[in-house]
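Inside the fold
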Amino acid sequence: MIRTLRALAAAGAAAALVVTATASPAAAKTRSFTDNKDDATSALDITKVKVTNKKSAVVVRLSVPGLRKSKVGGVMVGVRTKAKGRPEFVSMKMRMEGAGWMPLMLMDEDSEELAVACKGDRVRFNKKSITVRLPQRCLGANTKAVKVVAAVFGRDDEILLEEEPEEGPEAQIDVYPSLTSERMSPWVRYR
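Residues numbered from 1 in each chain as written. Predicted model: local features only at pLDDT ≥ 70, side-chain atom pairs only at ≥ 80, totals over all residues. Heavy atoms only, no water.

Turning our eyes to something else, we now look at the nonpolar core. Counting residues in each nonpolar core, the largest one holds 30 residues, and the members touching the most others are V51, L62 and I130. Counting residues per element, the ones that place at least two in this core are β2 (48-53), β3 (57-63), β4 (72-81), β8 (122-125), β9 (129-135) and β10 (146-154). Residues in contact with L62, not counting those within four places in the same chain, are I46, K48, V49, V75, K128, S129, I130, A150 and V152. Counting residues in each nonpolar core, the second largest holds 14 residues, with M94, I173, V175 and M184 among its members. (Core = buried A, V, L, I, M, F, W, Y, C linked by side-chain atoms within 4.5 Å. Buried < 20%, exposed > 50% of the residue type's maximum accessible area, 1.4 Å probe, protein only. Helix = DSSP H or I, 4+ residues; strand = E, 2+ residues; numbered from the N terminus. Contact = heavy atoms within 4.5 Å.)

Next comes the structure, spelled out in structure tokens:
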């Protein structure tokens with residue numbers, strides 16, 4: 001997971017430079033999962049993840065009770081579909097120092113492009129949550145169950161350089177389900 005996050009953050013930073021320079025499958029279609037509390041600074045600490053896998057989109061809502069957008073450096077949601085080959089997609093929005101928030105990027109592991117266009121994808125910051133919406137058409141016209149992984153990270157560039165970031169009340173990154181493993185959420189049924 002650490003290598004994945006580091007690679008995604010590096011790819012996101014590279015893309016930002018380009019942009020600025022130019023349960024089981026039978027489970028319900030909406031599932032909520034809890035994340036460990038106090039495993040990151042409160043402004044970034046994910047406590048609950050709600051995944052809705054509906055006909056039009058996969059919507060992932062991250063509850064962050066102490067959310068302070070000014071402390072957030074990026075949001076990442078990875079989605080694996082149950083389609084043949086288990087394709088994976090990553091939606092990422094990052095803040096570039098001096099340039100502000102870069103446009104939302106969607107990365108498709110099967111695409112040769114760094115980021116692919118996806119009309120209708122978005123990240124919304126609310127008072128105590130962050131909501132990421134990914135249209136099914138952007139997920140290979142998905143009609144299968146999905147698994148997710150989500151991360152909220154701070155503005156500190158040192159995060160990307162840490163070999164093994166540690167969880168704790170001062171951590172500048174929080175990952176659901178785990179910062180230290182490659183696990184994803186249980187499957188969330190389509191529709």
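Right, picking up where we left off after that structure.
Glancing now at the sheet that holds β2. Here we have five strands laid out as an open sheet, ordered β1-β2-β3-β9-β8, and antiparallel in their pairing. Because the sheet does not close on itself, it has two edges, and the strands there are β1 (30-34) and β8. Across the sheet, the mean angle from the axis of one strand to that of its neighbour is 15°, orientation sign disregarded. (Pairing = 2+ DSSP bridges. Axes fitted to C-alpha atoms, helices over the stretch in contact; angles between N-to-C directions.)

As enumerated under the stated definition, the model contains two salt bridges in all. Ionic pairing is found between R80 and E88, a salt bridge with its closest N-O pair at 2.4 Å. Given a relative accessible area of 22%, R80 falls into the partly exposed group. Owing to a relative accessible area of 27%, E88 belongs among the partly exposed residues under this scheme. The salt bridge involving R155 is made with E97; its shortest N-O contact spans 3.2 Å. In this pair, R155 sits in the loop between β10 and α2 (158-161) while E97 sits in the loop between β5 (88-96) and β6 (100-101), placing the two residues 58 residues apart along the sequence. On the basis of relative accessibility, which here comes to 33%, the residue R155 falls in the partly exposed class. (Salt bridge = Lys/Arg side-chain N within 4 Å of Asp/Glu carboxyl O.)

Now for the packing of aromatic side chains. Scanning the model with the defined rule gives two aromatic pairs in all. A ring pair is formed by F33 and Y176, whose centres lie 5.8 Å apart and whose planes are at 20°; its orientation type is stacked. Taken together, the positions of F33 in strand β1 and Y176 in strand β11 (residues 173-176) put the pair 143 residues apart, joining distant regions of the chain. Y176 shares its class with F33; the two are buried. Ring centres of W101 and F125 lie 5.3 Å apart, and the angle between their planes is 50°; this geometry places the pair in the tilted category. Taken together, the residues W101 in strand β6 and F125 in strand β8 connect sequence positions 24 residues apart. (Phe/Tyr/Trp six-rings, centres within 6.5 Å; stacked < 30°, edge-to-face > 60°.)

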